[in-house]
Amino acid sequence: MIKQKSQLLLAVVWLFTIVILLILAAEKNAKFSSSIFALLPESDQSALIRQSSKQISNDFSRRLILMLSGPDETVVRDAIEKLARELSAMTDVAEVFWRVEKEKAIRARNELFPYRFAVLDSKARQKLQKAEYGEVSEQALGRIYSLLSIGQSAILDDPFGLYSLSGSTSAPNLNFEVSKSLLKVTGVDQPTYLVVLELVDEPYDLAVQDRVLGTIEDVTAGSDITIERSGMLLHAAAGARQASTEISTIGLGSLIGIAMLILFVFRRITTLGLLLIPVSVGYISAVAISILVFREVHLVTLAFGAGLIGVSIDYALHFLCERRVLTNSQILPRILPGLTLGLFSSVMAYGAQALAPFPGLRQMAVFSVSGLIAAWLTVVLWFPWLTRKQTIQALPLAEKFNALCRRLPALRFNRFSLVMSILLLVIVAILLASVTGIDDVRLLQTSPKSLVAEEQKVRATLGIKSSSQYLLVKSNTLENSLQKEERIIPLLEALKQEGLVADFQAISNVLPSLSRQEENLKMVSALYDSQLINLYAKLNLTDAKRDESLTSFDREKNRRLTPERFQQLEISNQWVNLIVPPEQGEVATILRFSGLNEGEGSAALLSLSDSDPDLIFVDQTRNITALLGKYRLEIINWIAMAYLVVFVVLVFRYRNRVWRIVLPPAAASILTLVLLVQFEQGINLFHLMALILVLGIGLDMGIFLAETDGSSHTWMAVSMSCVTSLLAFGLLTLSKTPILHHFGITVLCGLGLVWIFELILLDRGRNEVGI
Amino acid sequence: MSRTFLIIALLYSFPAYSSEISFERLVAITETPAHLKGNFTQEKYLKILETGLVSKGVFSYKKGEYLNWETLDPIYNKLSLTPTNISNEQDAVSSVLSEILFSVLTAQWGSLSKYFDLSGRIEDQTWAVVLLPVDVAIAGIITKVELVGDVLLRKIVLHEKDGDYTTIELAYQYQ
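These numbers were taken from a predicted model, which means no experiment stands behind them. (Residues numbered from 1 in each chain as written. Chains lettered and ligands numbered in written order. Predicted model: local features only at pLDDT ≥ 70, side-chain atom pairs only at ≥ 80, totals over all residues. Heavy atoms only, no water.)

### So, the overall build of chain B
The condition is simple: Counting from the N terminus, the helices are the DSSP runs of H or I reaching at least four residues and the strands are the DSSP runs of E reaching at least two. Accessibility here uses a 1.4 Å probe with only protein chains present; expressed as a share of the type maximum, an area under 20% marks a residue as buried, one over 50% as exposed, and anything in between as partly exposed. Should any heavy atoms of two residues lie within 4.5 Å, those residues are counted as being in contact. Methods summary: accessible areas were calculated by the Shrake-Rupley approach with a probe of 1.4 Å, and residue burial reflects only the protein chains presented.
The helix and strand inventory of chain B stands at 6 helices and 9 strands. Relative to its 175 residues, chain B shows a buried fraction of 43%. By sequence separation, contacts in chain B at least 24 residues apart represent 39% of the contacts at least 6 residues apart. For chain B, the exposed area adds up to about 9100 Å²; of that, 56% sits on carbon and sulfur atoms.

### Points about the overall build of chain A
A tally of helices and strands in chain A yields 25 helices and 13 strands. Evaluated residue by residue, chain A yields a buried proportion of 53% over its 771 residues. Taking as baseline every contact in chain A between residues at least 6 positions apart, the subset at least 24 positions apart corresponds to 83%.

### Here's the deal with the environment of Leu569(A)
Residues and elements named next belong to chain A. Turning to its location among the elements, Leu 569 is positioned in the loop between α19 (563-568) and β11 (579-583). Looking at Leu 569, the relative accessible area reads 14%, which means it is buried. Along the chain, Leu 569 and Arg 107 lie 462 residues apart, while their C-alpha atoms are 9.5 Å from each other. Setting aside its immediate chain neighbours within four residues, Leu 569 contacts Glu 111, Leu 112 and Leu 561.

### Regarding helix α13 (residues 396-407) of chain A
Residue and element names in this part refer to chain A. Rules: In this scheme, a helix's expected span is set at 1.5 Å multiplied by one less than its residue total.
Taking 1.5 Å of rise per residue, the 12 residues of α13 would be expected to cover 16 Å, and the 17 Å separating its terminal C-alpha atoms lies within 8% of that figure. Of all the positions in α13, only Leu 397, Ala 398, Glu 399, Asn 402, Cys 405 and Arg 406 are classed as buried. Against α8 (232-266), α24 (712-730) and α25 (738-761) lie the buried residues of α13.

### A word on the pairing of strand β5 (residues 116-123) of chain B
What counts, and what does not: Paired strands, as defined in this entry, are two strands with at least two bridges between them according to DSSP.
Bridge count for β5(B) against strand β6 (residues 126-133) of chain B is 8 bridges, and the pairing is antiparallel. If you follow Phe116(B) over to β6(B), its bridge partner there is Pro133(B).

### Some details on the sheet that holds strand β3 (residues 66-73) of chain B
So the rule is basically this: Each axis is a line fitted through C-alpha atoms, taken for helices only over the stretch in contact, and angles between the N-to-C directions span 0 to 180 degrees.
Ordered in space as β4-β3-β2-β1-β9-β8-β7-β6-β5 (chain B), the 9 strands form an open sheet in which the pairing is antiparallel. Of all strands in the sheet, those bounded by a partner on one side alone are β4 (77-81) and β5 of chain B. Along the sheet, successive strands turn relative to each other by an average axial angle of 20°, direction set aside. One ladder, built from 5 bridges, connects β3(B) with β4(B); its direction is antiparallel. Bridge pairing in β4(B) places Trp69(B) opposite Leu79(B). On top of the sheet, helix α6 (residues 133-145) of chain A reaches β1 (35-46), β2 (51-62) and β4 of chain B; it is set at about 80° to β2(B), its chief contact.

### Here we look at unusual backbone geometry
Omega for the peptide link from Asp73(B) to Pro74(B) comes to 10°, which places this bond in the cis form. Positive phi outside glycine occurs at Arg267(A), with the angle close to 55°. Mapping Arg267(A) onto the fold places it in the loop between α8 and α9 (269-294). Overall, the relative accessible area of 59% leaves Arg267(A) in the exposed class. Positive phi, normally seen in glycine, also occurs at Glu50(B), with a value near 60°. Topologically, Glu50(B) is positioned in the loop between β1 and β2. For Glu50(B), a relative accessible area of 59% puts it in the exposed group.

### Section: the packing of helix α11 (residues 328-351) of chain A against helix α21 (residues 620-654) of chain A
All names here are of chain A. Operational definition: An angle below 35 degrees is read as roughly parallel, one above 145 as roughly antiparallel, one from 65 to 115 as roughly perpendicular, and any other as oblique. Three classes are used: nonpolar for Ala, Val, Leu, Ile, Met, Phe, Trp, Tyr, Cys and Pro, charged for Asp, Glu, Lys and Arg, and polar for all others, with Gly counted as polar.
The contact between α11 and α21 brings their axes to 11 Å, and the two run at 170°. As summarised for this structure, α11 and α21 are arranged roughly antiparallel, according to the angle between their axes. Contact with α11, carried on its side by Pro 337, Leu 341, Phe 344 and Met 348, involves Val 645, Val 646, Val 649, Leu 650, Arg 653 and Tyr 654 of α21 and no other residues of that element. Of the residues assigned to the contact of α11 with α21, the class counts are 9 nonpolar, no polar and 1 charged.

### Topic: the packing of aromatic side chains
Let me state the cut-off plainly: To pair, rings of Phe, Tyr and Trp, with the six-membered ring standing in for Trp, must have centres within 6.5 Å; the planes then decide the type, stacked if under 30 degrees apart, edge-to-face if over 60, and tilted in the middle.
For the structure on display, the rule yields 13 aromatic pairs over all chains. Arranged with centres 5.4 Å apart and planes meeting at 70°, the rings of Phe160(A) and Tyr528(A) form a pair that is edge-to-face. One end of the pair, Phe160(A), is in the loop between α6 and β4 (176-179); the other, Tyr528(A), is in helix α17 (residues 514-538), and 368 residues separate them in sequence. Look at Phe160(A) and you get buried, because its relative accessible area is 2%. With centroids separated by 5.7 Å and ring planes inclined at 25°, the aromatic side chains of Phe59(B) and Trp69(B) adopt a geometry described as stacked.

### A short note on the pairing of strand β6 (residues 192-199) of chain A
Residue and element names in this part refer to chain A. Of all 8 residues that make up β6, 7 are buried, and the element is covered over most of its length. Of the strand pairs in this sheet, strand β2 (residues 63-69) and β6 are connected by 7 bridges, and their pairing is antiparallel. Looking at the pairing, Arg 63 lines up with Glu 198 of β6. Direction of pairing for strand β3 (residues 93-97) relative to β6: antiparallel, over a ladder of 4 bridges. Following the sheet pairing, Phe 97 is matched in β6 by Val 196.

### A word on the packing of helix α23 (residues 685-707) of chain A against α24(A)
All names here are of chain A. Selection rule: Left-handed is the label given to a crossing in which the near helix is rotated counterclockwise from the far helix by less than a right angle, and right-handed is the label when the rotation is clockwise.
For the pair α23 and α24, the least separation of the axes is 9 Å and the interaxial angle reads 165°. It follows from the interaxial angle that α23 and α24 lie roughly antiparallel. Note that α23 runs across α24; the crossing there is right-handed. Contact residues: Leu 693, Ile 697, Met 701, Phe 704 and Leu 705 in α23; Thr 714, Trp 715, Val 718, Cys 722, Ser 725 and Phe 729 in α24. Of the residues belonging to the contact of α23 with α24, the class tally is 9 nonpolar, 2 polar and no charged.

### Examining the pattern of salt bridges
Rules: Any carboxyl oxygen of Asp or Glu that lies within 4 Å of a side-chain nitrogen of Lys or Arg is treated as forming a salt bridge with it.
Considering all chains together, one arrives at 29 salt bridges over all chains under this definition. Put simply, Glu81(A) and Arg85(A) hold a salt bridge, and the shortest N to O gap is 3.0 Å. Pair noted here: Glu81(A) and Arg85(A) are both in helix α3 (residues 73-88), with a separation of 4 residues, about one helical turn. A salt bridge links Glu123(B) to Arg121(B); the shortest N-O distance between them is 2.6 Å. For Glu123(B), a relative accessible area of 40% translates into the label partly exposed. What makes Arg121(B) partly exposed here is its relative accessible area of 43%. Via salt bridges that share partners, Arg116(A), Glu556(A) and Arg559(A) belong to a single interconnected network.

### A short note on the side chain of Thr387(A)
All names here are of chain A. What counts here: N or O atoms closer than or at 3.5 Å make up a polar contact, with two conditions inside protein: a donor-capable atom paired with an acceptor-capable one, and, for residues adjacent in sequence, both atoms drawn from side chains.
Looking at where Thr 387 falls in the secondary structure, it is placed in the loop between α12 (359-386) and α13. For Thr 387, the side chain forms a polar contact with the main-chain oxygen of Phe 383, separated by 2.7 Å. Those residues within four positions of Thr 387 in sequence are excluded, and the remaining contacts are Leu 274, Phe 319, Leu 320, Arg 323 and Asn 328.

### Examining the nonpolar core
What counts here: Residues enter a nonpolar core if they are buried and are Ala, Val, Leu, Ile, Met, Phe, Trp, Tyr or Cys, with the set joined through side-chain atoms within 4.5 Å.
Ranked by size, the top nonpolar core spans 110 residues in total, and within it Phe266(A), Tyr315(A), Tyr350(A) and Leu650(A) carry the most contacts. The greatest single-element share of this core, amounting to 17 residues, is contributed by α23(A). Formed by 42 residues, the second largest nonpolar core is a distinct cluster that contains Leu148(A), Trp69(B), Leu101(B) and Val129(B).

### Side note on the confidence of the model for chain B
Residues and elements named next belong to chain B. Basically, it comes down to this: Confidence of the predictor at the level of single residues is given by pLDDT, which spans 0 to 100.
Here chain B averages 76 in pLDDT, and 79% of its residues register 70 or above. Considering each helix and strand of chain B separately, the mean pLDDT is smallest for helix α1 (residues 2-19), with a value of 43, and largest for strand β9 (residues 165-172), with 89. Note on residues 1-19: pLDDT under 50 across the span, and 8 contacts to partners over four residues away in sequence or across chains.

### Remarks on the side chain of Thr215(A)
All names here are of chain A. On the secondary structure map, Thr 215 appears in helix α7 (residues 206-220). For Thr 215, a relative accessible area of 12% corresponds to the buried category. Ignoring any residue separated from it by four or fewer positions in sequence, one finds Thr 215 in contact with Leu 83, Glu 86, Leu 87 and Met 90.

So this is what it looks like as structure tokens:
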């Protein structure tokens, strides 16, 4: 009586805990994210490298490029204007670039003029370095008289034309021109205009995606305007749509399959209702806890969580099957050790994912572990009370199924089975020896092909060339970084001549180091000393004018472009990404390549960075691939460790029967690897992660069977939970999200094989009813 | 009475007709021979110098192929414009400028209509037009282009934003 009361109390406490969890989570205002970057490994790189790669990827992640085209120029222009105005009004959008405003264009063009004696472009500098002063002067004259020269009003302030009209010297040339203030794409058949927008925040918020894409669709809806787009937002939105469809289809699919199976076996609708309780409590608690821990829940986690249904149902099935042959007071003492060991091994197996350096997997681990614990608590605390009135009534189907399975030929230990086992082992060893690892970053690619094609078309049309490869030039001050950059640039120019690297952007081209500015001024002074008189004489101008020119030089020659001043200029916006702000006493600049020769180019840059500790060649694609490969190898060690730990824990309880529990998942895992090598062209990290799940679920089966010495109802329970897991995970095989697909197919093969092994090992001598 | 009416009618209708200028009408009036050659006098008036910088030279033109512009005095300088090097021009400003000059000198009114609005008058066979840039980027450099001519272009005045202007007078030698 007292025991019953305390049980009831615990059940009520658990109910309240769930309610409190839900209230807390609801208050958190959770976000659902779809960023593939969230699934990427956290890098073990320095803060400087992480910050720099974030700056480089922000270029792409927050920017959305839209090209609108149509047969009628006016219609397209009107649409551009309408679209830009609507986008500008949105709070999600930080900036919309769609036209060139006169004042802004003029201001930008003249911003660097005050620094003309200290900031020289590379051509002017080369001439002065060779002291070709006469030639510079001749060119100045040619320019002054030239048909094409316009804007010679600076003839007194800059008689040698040191300040080139183009201003920012190496801004990327894209295929568009300013046509009546708007940005018109060149080299296309139909009139095409451009809008570029910058988001306030990362593009992974589903609500932001809906709002921004909705606005764009509204403007072009019903017209004959074609729109082509490029930007992370699109990929994020596509990924989100895919994941949410998969959650509903895969989740619903497995739920329907499982419900049908249960109705068939138990033939009671109340049992189905009972089974749904721990499953839903598990799922809801898992969502709530993930929200509390991470604030932002990834959609892949939710999709993976849909598969968790199949695992959390294990405990309930085991309880309900045994409850058919055990009384209410008998059941818990009888099955609790098995349930607890099952939970323990699953938590270990799932929890292992938390050790992986992938934030996405870590979230899945927290999700799974909390979901399983919640489902387990629900079964243990609520089920005795919920099923208190149930009478003992053996499942007729359990007996039939049991009898059927036990009629199959069993594995006997004899010479034949030994030879067959050895033969099998050899074949497996040969097949596994040829395993190739796949660590391609494309494993994480979830975007549909059409979207990738659209992206590439926009980039090709506009001539956008960029890569994720860059050289980080670090130092203790920005000045030193700039100086170092200036020393390296000639080396890079040489590599460019050899065709090993494509063009590159360098901040020091537009913001030279102060020491270089000093050097430039010295050369310009020499130019004035040797040529000014001569130039004014040739122009037939008075000495007074020449003196004005000298005064202007003296007045402005000491002006330096400091980084602080530079950052206040309008033109710094397009360069500021190339400066990594100070962190722990280090700053860096970025030399960004628009592409490079993968083999020799990368090798040349790597050897350059090896020769100098302050130069770091960063290639994020390569880094992720390397990291995936590294963890693929590490995870194998981890799985071996997991088996060892489980073996040691279980050996205390099961003594020499322990192999009977551990062998099926182990053998199934190895055979699964063989199958994966054949069907998936190689093994990747995610296949191996899924093998941990095979271990967890496989152990559940072995433990439950061992606890009841393989009773017919336990066999029924574990077989059903195996089928439900196959339904839940097997459907993930159909997922278009690569990670989920890899998980799904591995668990499908693995669990199928575990069940077959359990069947082979099933004790054929036992055929009686009950335990 | 009826005579006065007729004169008034003519006065009002004719100027109205003659000021109704269009790129199409200019195309009809002007000629673009296959070859052209001549001398030019260029005066660049720079407000800040309070004086003009004068230069002289020769030019030659072959339809659809090139325009050579040779300054002979006070310094020697040769500029060759071809449709290809115009489009290859890296600097956006000089690219647009060369396209405008190439079009003006060779009377390719179609490509000018891309950048300018047209006003002015045509009387008999002579015309004087004013081109105003429609594009702000161009308007930031060139505020106005005045052109005077008959079957051929005779004079160009290019006004810049700071009050500077360049006058080019052309004298042809027929081949």
